[in-house]
Amino acid sequence: MTTALLLLSVFAISQGGAATEEAFATTEKALVATALQFVDTSKQYDIFNPHLSTSPDRVRIHVSLDKSITSEQLDMIHSLPPEQKGAEFFSLAEIKEFAPKAKALGFTYLDYDLEPGKGHSPAKDLADPVKSVREAAEAAHAAGLLFNVSPSKALTTEHGTEFAKYVDMYHIQAQSLQDRPSSYLSYVKETASKLRSANPDLSITVQLSTTRGAAPGLTLQETFKENWNNVKPYVDGISIWFSDSTTDDLQAFASWFDVHGRQ
């Protein structure tokens, strides 16, 4: 445990109780910009650029299975403010291949989006997911990079505390619960607590999606705001999944978050 985290723990205990997951979360929350390969690059740049800071924000290219990062995408993420720049892959093989050259291309971290489904992670990666995450983390760390894992919700539920031991950053994909804010809060709060117990130094982010439904009686933007305001004491940042047809929703949330969602 780092000195800063130790001091936070001691402070919490001195107030008459055990250290909570809130004590480990950062005060200023991060916006993690996910650059998608199937959405116009210039459109994404125009949305993200006004609302990203040098730190604690991050940007990552989400690389489709068996696809390559283009020079246009590299130019975009290097033109955006965040110091932390990542590349996210579905497969262990691609992470191992990319890791040795990532730093020279200006990346500071790698991200493993480990999840089942057509066009997602290969069956061999999913056969022993803990081993796959450990090997991916080792490849990133050997290359002098940080490592983030972004598993499916089911894999986080089953193996999250095992994954957490090997990683620097953890992304909780709880967007399937966003139309039930109480369930979203319960899952994220409980999961973040378990992850931090396994690795107190983790930076934890959560996901919402423009392609998922709104809560009953709320608009999608209201749903985003309620979910984020509920969970932000327990996590360090957020990323929004989107599609080419829902970039207006992404832009609306990024604008709101930059003013109202960081503290």
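One can find the structure itself at the top, above this paragraph.
Quick caveat: nothing in here was measured; it's all calculated off a predicted structure.

Draft legend 1. Expanded view of the packing of aromatic side chains. Tallying each qualifying case throughout the model produces eight aromatic pairs. Summarising the aromatic geometry, the rings of F98 and F107 are spaced 5.5 Å apart at their centres and angled 75 degrees between planes, so their arrangement reads as edge-to-face. Judged by relative accessible area, which is 9%, F98 ranks as buried. Given the relative accessible area of 2%, F107 is considered buried. Between F253 and F257, the aromatic rings sit 6.0 Å apart at their centres with planes inclined by 35 degrees, giving tilted as the arrangement. Here F257 and F253 lie together in helix α11 (residues 247-261), a separation of four residues that amounts to about one turn. Here F253 falls in the buried class, since its relative accessible area comes to 1%. In textbook terms, an aromatic cluster arises when at least three aromatic residues are bridged by ring pairs, as seen for F224, W228, F253, W256 and F257. Against the face of Y109 rests R58, its NZ or CZ located 5.7 Å from the ring centre. Here the guanidinium or amino end of K153 rests over the ring plane of Y187, the centre of that ring lying 4.7 Å away.

Draft legend 2. View of helix α7 (residues 129-142). Its 14 residues give α7 an end-to-end C-alpha distance of 20 Å, which sits within 8% of 20 Å, the value for a rise of 1.5 Å per residue. Residues of α7 that are buried include every one of P129, V130, S132, V133, E135, A136, A137, A139 and A140, and no others. Looking at the buried residues of α7, the elements they touch are α5 (92-102), β4 (109-112), α6 (123-127), β5 (146-149) and α8 (153-164). Just downstream of α7 lies G144, where phi reads positive at about 80 degrees.

Draft legend 3. Quick peek at the pattern of salt bridges. Per the counting criterion, the structure on display carries 11 salt bridges. In this structure, E135 engages K96 in a salt bridge whose closest nitrogen and oxygen atoms are separated by 2.8 Å. On the criterion of sequence distance, the pair formed by E135 in helix α7 and K96 in helix α5 is long-range, its members being 39 residues apart. Judged by its relative accessible area of 16%, E135 is buried. Assessed through its relative accessible area of 40%, K96 is described here as partly exposed. Across the pair R262 and D258 runs a salt bridge, and its minimum N-O distance is 3.0 Å. Looking at R262, the relative accessible area reads 9%, which means it is buried. When salt bridges that share partners are traced, they join D57, D258 and R262 into one network.

Draft legend 4. Main features of the pairing of strand β3 (residues 84-89). With respect to burial, β3 is a largely interior element, five of its six residues being buried. The β-α-β motif built from strand β2 (residues 58-62), the intervening helix α4 (residues 71-79) and the parallel element β3 has right-handed crossover chirality. When β3 meets β4, the two strands line up parallel, connected through four bridges. Counterpart to E88 in the pairing with β4 is D111. Handedness of the crossover joining β3 and β4 through α5 is recorded here as right-handed.

Draft legend 5. Main features of the environment of Y45. Here Y45 lies in helix α3 (residues 41-48). Sequence-wise, Y45 and A35 are 10 residues apart; in three dimensions their C-alpha atoms are separated by 8.5 Å. Excluding residues that lie within four positions of it along the chain, Y45 makes contacts with P50, M76, S79 and L80.

Draft legend 6. Examining α3 more closely. Regarding α3, the residues found buried are T41, Q44, I47 and F48. Axial view of α3: buried residues confined to an arc of 125 degrees, hence all on one face. The elements touched by buried residues of α3 are β1 (30-36), α4 and α11.

Draft legend 7. Here's a closer look at unusual backbone geometry. Geometrically, the link from S55 to P56 is a cis peptide bond, its omega value of 15 degrees lying close to zero. Looking at where P56 falls in the secondary structure, it is placed in the loop between α3 and β2. Its identity as a non-glycine residue notwithstanding, D66 has a phi of 65 degrees, on the positive side. Along the chain, D66 falls in the loop between β2 and α4.

The rules behind the values
- Residues numbered from 1 in each chain as written.
- Predicted model: local features only at pLDDT ≥ 70, side-chain atom pairs only at ≥ 80, totals over all residues.
- Heavy atoms only, no water.
- Phe/Tyr/Trp six-rings, centres within 6.5 Å; stacked < 30°, edge-to-face > 60°.
- Buried < 20%, exposed > 50% of the residue type's maximum accessible area, 1.4 Å probe, protein only.
- Helix = DSSP H or I, 4+ residues; strand = E, 2+ residues; numbered from the N terminus.
- Lys NZ or Arg CZ within 6 Å of the ring centre and 35° of its normal.
- Expected span 1.5 Å × (residues − 1).
- Contact = heavy atoms within 4.5 Å.
- Salt bridge = Lys/Arg side-chain N within 4 Å of Asp/Glu carboxyl O.
- Right-handed = clockwise from strand over helix to strand, strands pointing away.
- Pairing = 2+ DSSP bridges.
- Arc of directions from axis to C-beta.

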